[in-house]
Structure formats: structure tokens, C-alpha cells
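# Architecture and fold: a report
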Amino acid sequence: MEKMKDTHFIYLADIFCPWCYGFGPVMKRLASEHPELPIKVVGGNLISRPMTLAEDLAANPGLVDFWRSVEKTVGRPLTGAIEAALSGREVRMYSPGADEILVTLNRLAPGHELDQLLDLEDMFYLKGVDMFSVEALAGIAARWAIPSEELASALDTEAALTATQRNLAEAGRLLGEVGSYPSIFLAQGDKLLTVSRGYVRYETVTSLLEDALSDIDIAPADHEGCSFAEDCTAGKNRNRV
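First, a word on scope: everything that follows refers to the structure included in this document. Predicted model only: the values in this text are computed from it and were never measured. (Residues numbered from 1 in each chain as written. Predicted model: local features only at pLDDT ≥ 70, side-chain atom pairs only at ≥ 80, totals over all residues. Heavy atoms only, no water.)

## Concerning the side chain of Thr 7
Which entries qualify depends on this criterion: Numbering of helices and strands runs from the N terminus, with a helix taken as a DSSP run of H or I at least four residues long and a strand as a DSSP run of E at least two residues long. Each residue is placed in one exposure class: buried if its accessible area under a 1.4 Å probe, protein chains only, is under 20% of its type's maximum, exposed if it is over 50%, and partly exposed if it falls in between. Polar contacts, as counted here, are pairs of nitrogen or oxygen atoms within 3.5 Å of one another; within protein the pair requires one atom able to donate a hydrogen and one able to accept it, and residues that are adjacent in sequence qualify only if both atoms are side-chain atoms. By definition, residues are in contact when any of their heavy atoms lie within 4.5 Å.
Within the secondary structure, Thr 7 sits in strand 1 (residues 7-13). The exposure class of Thr 7 is buried, given its relative accessible area of 5%. Of the polar contacts made by the side chain of Thr 7, one reaches the side chain of Gln 188; its length is 2.9 Å. Aside from chain neighbours lying at most four places away, what touches Thr 7 is Glu 36, Leu 37, Pro 38, Leu 186, Ala 187 and Gln 188.

What follows is the structure, encoded as C-alpha cells:
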């Protein structure tokens, strides 16, 4: 259909946002139901400075209880992150660094943006893995049939850092003053419609998507999500992009 030409999803999510992790299966389902709509993934800047999970927990003593409440809402286990926090296992957290891995994967193994994002979210929340470790990076490379040395050498280069900064600038523009992670947009040329902000259930987002596809001027309601207005996972360690 001519109207759908050049129309695509933009999915704004942060790898360290628990609501984004919880929303992953919903976004995956939407993608499978709308193969005519390509997906552009934009990573966020929720954890704006390098830190460890132990540091996050020390700054936010209620973090594990919060994650357990997210588990109940989204119906997905956050056991890896919770166990890593309670055991004191060293797990590094840094959104721009995770975004750099993501944009590099997009370049070396294109066409899998959403799955690459969901894999990184699973590494942190489901498995409690430090994605920045040499072993984890080797596993990521193997998952996408990339030689491990090729992925390692592509990170922390001028090209990777430039692509990451470009991604973060777009995330800041999309997030705006009142947005939150995760958010879905529908783009067509210069036109951008907000489909949903924050965690929403499948039935809600499909209804909002139908409205957007019909080009109806909608003002989507805010839902649970990671924003700069309240604590989510890193408290004071978040900055606007």
C-alpha cells in the first residue's frame, strides 16, 4: 500500500531499563505481526556514567524490591540482575557503552537490530552478566557469527564513538521533556507519531498502533517506564542526553 511506503518503527529503549526488558516480548510480537514495518532501534542514556551494580544498589537500597515489583507487573524474571545485586557480583553498567556495542553489532551484523537489543537486555536482567567483559563480548560475537577479534577491534574506535554519539543525540530528541523508556514511534518521511510511552500491555499498544497507522492525531497516555522524573535503576546517576 502506497501509504505504508517508507513507514517504519522507531523503538527507543535503554538496555538497563527494567521496563524495556519487560516490554521486549511485546515489541517482538509487534515486529512479527508487522513485517512491512522495519524497526530502527535507538538506545538510551539512562546510566550516563560508568558504575557497577554494587554502586547502584548502595545508592538505591530499594532497588531489588523495585525490580521484584517490575517482575510481577511484566511477568518476566529479573533473576540474573537480582542475584548479581544480592551476591555482590561485579557487573558494570553504562548506557553509552552498551549503546556502542549495539550500534557496532548493527554495523557488523545488520538486519537484526531488535534481537540484538533484546539479547543485551537479557544478558543483564535475565542472566546477570557483565556485558563488557572479554568473555561476554566473545559470546556476543559468536551469537552473531562475528569473529571475536573483529568485534573487539571495532569497539572504542572513532567510528564507533561517533555512531554512538549520533544515537544518543537522537535518543535525547525522541525522549524530549516528558518521554520515558520504552517508547515506540511510527515514522514516515518527516512525519513522526508517538505510539506509546512507557511500559504498556500488548492489547493497549496494538490499539494505539492502529490509531497511528490510520494517521489519527493521538496523545498517548503515559505508563510505567524509566524516565528522568523518578528513580528507575540508577537514581542520581542519570543525566539527559
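## Comments concerning the sheet that holds strand 5 (residues 183-188)
Selection rule: One requirement defines pairing of two strands: DSSP has to find at least two bridges between them. Angles shown run from 0 to 180 degrees and are taken between the N-to-C directions of axes, each axis being a line fitted to C-alpha atoms and, for helices, limited to the stretch in contact.
Reading across from one edge, 2-1-5-6 is the order of the four strands in this open sheet, with mixed pairing throughout. Each having just a single partner strand, strand 2 (39-43) and strand 6 (191-197) make up the two edges of the open sheet. For this sheet the average axis-to-axis angle between neighbouring strands, irrespective of direction, equals 25°. The pairing of strand 1 with strand 2 spans five bridges and is parallel. Across the sheet, Ala 13 pairs through a bridge with Gly 43, a residue of strand 2.

## Some words on the packing of aromatic side chains
Selection rule: For this analysis, a ring pair means two rings from Phe, Tyr or Trp (six-membered ring only for Trp) whose centres lie within 6.5 Å, classed as stacked if their planes differ by under 30 degrees, edge-to-face if by over 60, and tilted for the remaining angles.
This model, assessed by the stated rule, comprises nine aromatic pairs. Aromatic side chains Tyr 11 and Phe 23 sit 6.1 Å apart centroid to centroid with 35° between the ring planes, which places their arrangement in the tilted category. You can see Tyr 11 sitting in strand 1 and its partner Phe 23 sitting in helix 1 (residues 18-33), a full 12 residues away along the chain. Relative to Phe 124, the ring of Phe 16 lies with its centre 5.0 Å away and its plane at 85°, an arrangement referred to as edge-to-face.

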